[in-house]
Amino acid sequence: MSHEVDIVRAVADLRSRVRYWRAQGLGVALVPTMGALHRGHLSLIAQALETADRVVASIFVNPIQFGPGEDFSRYPRQEAEDAALLSKAGCHLLFAPQVTEMYPEGFSTQVRVSGLSEGLCGAARPGHFDGVSTVVSKLLLQVQPDVALFGEKDYQQLAVIRRMVRDLDFPVSVMGVEIVREEDGLALSSRNAYLTAEQRAIAPALYRTLSATAETLRTSRSPASEACAAAARSLVEAGFDSVDYIELRDAETLASVEFPSRPSRLLAAARLGATRLIDNVALIPAA
Ligand code: PAF
């Protein structure tokens, strides 16, 4: 039977709970989120429970990772529903701080991972990854988990966090967890809630197009730039308003790839009205 997840809002309370577990020799996992939880988040919690004795989830809609004109104010906030889902999933502790707890008056530090954070989503959302690396650094220092889990849907975010953890010697393992999809292939995202019925019907074309393009790249010698240009055209034909990017990148360094010879990732961001959807698929070159 599931128990109700405990909620703490202050870093001091979070630390004292984690200290108590540590004193008993228990391992701790952290699942950072911005709430509006869906099955993708719950798969992170399930994986965390397999990896550690105690699981902390955080819910914090981080203002510094949203640009001007982005969806910070309308980002879905539903803490009671989220807490119920976390309880059912077996999560042990929810850290849900206020903005002033995370960024008190005078806060002026920023963590920036150069290079990896600059192209792809970083080009369309300047400063976004600085906000992500700053808040994730804080959460890692606040919880000091053995392992932190992130979804592969935000693939560039995962690469940025892995680099940051390596560069700054955070004593934590970062675990990427596979994308969870709807039956029609649409990757689960809290932002899917913004889609109208008409946009929702168009949205699965993103995954379909990525999968078909990955197959073309696996089986033919077409250069990735040509296949991606064709894919961008077909997304617009399918009803997307615009395509921010569709690109083949090295799975680890995110360097551009024209002919894959190592594990690569085909990544895309495209817009349906005001909603920006991202997705990616793995591409292991044929032997
Ligand atoms: O992926 C997210 O939900 C957020 O970017 C994260 C990692 C929780 C940081 O705010």
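Residues numbered from 1 in each chain as written. Predicted model: local features only at pLDDT ≥ 70, side-chain atom pairs only at ≥ 80, totals over all residues. Heavy atoms only, no water.

Engineer: Tell me what's going on with the pairing of strand E5 (residues 147–151), and back it up with residues and numbers.
Structural biologist: Strand residues, when the strand is regular, have side chains that alternate between the two faces of the sheet. Of all the 5 residues making up E5, 4 are buried; the element is thus mostly covered by neighbouring parts of the structure. Bridge count for E5 against strand E6 (residues 173–177) is 5 bridges, and the pairing is parallel. What sits directly across from valine 147, in E6, is serine 173. Once you follow E5 into helix H7 (residues 155–167) and on to E6, the crossover reads as right-handed. (Buried < 20%, exposed > 50% of the residue type's maximum accessible area, 1.4 Å probe, protein only. Helix = DSSP H or I, 4+ residues; strand = E, 2+ residues; numbered from the N terminus. Pairing = 2+ DSSP bridges. Right-handed = clockwise from strand over helix to strand, strands pointing away.)

Engineer: Lay out the sheet that holds strand E7 (residues 242–250) with the relevant residues and their values.
Structural biologist: Taken together, 3 strands build an open sheet; the order of strands is E7-E8-E9 and the sheet is antiparallel. Edge positions in the sheet fall to E7 and strand E9 (275–283), since each has one partner strand and no second. Adjacent strand axes in the sheet meet at a mean angle of 10°, parallel and antiparallel pairs treated alike. Here E7 runs beside strand E8 (residues 264–272); their pairing, made up of 8 bridges, is antiparallel. Counterpart to tyrosine 245 in the pairing with E8 is alanine 269. Relative to the sheet, helix H10 (residues 224–238) contacts E7 and E8, its axis offset from that of E7 by approximately 150°. (Axes fitted to C-alpha atoms, helices over the stretch in contact; angles between N-to-C directions. Contact = heavy atoms within 4.5 Å.)

Engineer: Give a detailed account of H7, specifying residues and quantitative values.
Structural biologist: Between the first and last C-alpha of H7 there are 18 Å, a value that for 13 residues agrees with the 18 Å anticipated at 1.5 Å per step. Those residues of H7 that sit buried are Tyr155, Gln156, Gln157, Leu158, Ala159, Val160, Ile161, Met164 and Val165. Contacts from the buried residues of H7 go to helix H5 (121–124), helix H6 (128–143), E5, E6, E8 and E9. Positive backbone phi, at 55°, marks aspartate 169, one or two positions downstream of H7. (Expected span 1.5 Å × (residues − 1).)

Engineer: Lay out the packing of aromatic side chains in plain terms, naming residues and giving numbers.
Structural biologist: Using the criterion set out here, one finds 4 aromatic pairs in the structure. Between phenylalanine 60 and tyrosine 103, the aromatic rings sit 6.0 Å apart at their centres with planes inclined by 50°, giving tilted as the arrangement. Note that phenylalanine 60 is positioned in the loop between strand E3 (54–59) and helix H3 (79–89) and tyrosine 103 in the loop between helix H4 (99–102) and H5, a separation of 43 residues in sequence. The pair phenylalanine 60 / tyrosine 103 is uniform in exposure class, with both members buried. Put simply, the rings of Phe60, Tyr103 and Phe107 pair up and form one aromatic cluster. When the ring centre of tyrosine 194 is taken as origin, the NZ or CZ atom of arginine 74, which lies over that ring, is 4.0 Å away. Across from the ring centre of tyrosine 207, 3.6 Å away, lies the NZ or CZ of arginine 181, which sits over that ring. (Phe/Tyr/Trp six-rings, centres within 6.5 Å; stacked < 30°, edge-to-face > 60°. Lys NZ or Arg CZ within 6 Å of the ring centre and 35° of its normal.)

Engineer: Explain the UniProt feature "active site" (unreviewed entry) in the protein residue by residue, including any values.
Structural biologist: The sites that UniProt annotates as "active site" (unreviewed entry) are His41. Residue position: histidine 41 is located in helix H2 (residues 39–51). (UniProt positions renumbered as here; feature names shortened; annotations may be inferred.)

Engineer: Account for the sheet that holds strand E1 (residues 6–8), with residues named and values stated.
Structural biologist: Pairing in this open sheet of 6 strands is parallel, and the strands run E1-E4-E3-E2-E5-E6 from one edge to the other. In this open sheet, the two edge strands, each paired with only one partner strand, are E1 and E6. On average, each strand axis in the sheet is inclined to that of its neighbour by 25°, with strand direction left out of account. Sheet topology note: the strand E2 (residues 28–33)/E3 ladder contains 6 bridges and is parallel.

Engineer: Describe in detail the packing of H6 against H7, supporting the description with residues and values.
Structural biologist: Relative orientation of the contacting elements H6 and H7 amounts to 55°, with a least axis distance of 10 Å. Classified by the angle their axes make, H6 and H7 are oblique. Pair H6 / H7 crosses with right-handed handedness. Two secondary-structure elements touch here, H6 through Phe129, Val132, Ser133, Val136, Ser137 and Leu140 and H7 through Gln156, Gln157, Val160, Ile161, Met164 and Val165. Counted by class, the contact of H6 with H7 contains 8 nonpolar, 4 polar and no charged residues. (Parallel < 35°, antiparallel > 145°, perpendicular 65-115°, else oblique. Left-handed = near helix turned anticlockwise from the far one by under 90°. Nonpolar A, V, L, I, M, F, W, Y, C, P; charged D, E, K, R; others polar.)

Engineer: Account for the UniProt feature "binding site: beta-alanine" (unreviewed entry) in the protein, with residues named and values stated.
Structural biologist: Following the UniProt record, the feature "binding site: beta-alanine" (unreviewed entry) maps to Gln65 here. On the secondary structure map, glutamine 65 appears in the loop between E3 and H3. Judged by relative accessible area, glutamine 65 falls into the buried class, the value being 8%. Residue contacts for glutamine 65: discarding those within four places in its chain leaves Met34, Glu70, Arg125, His128, Gly131, Val132 and Val135.

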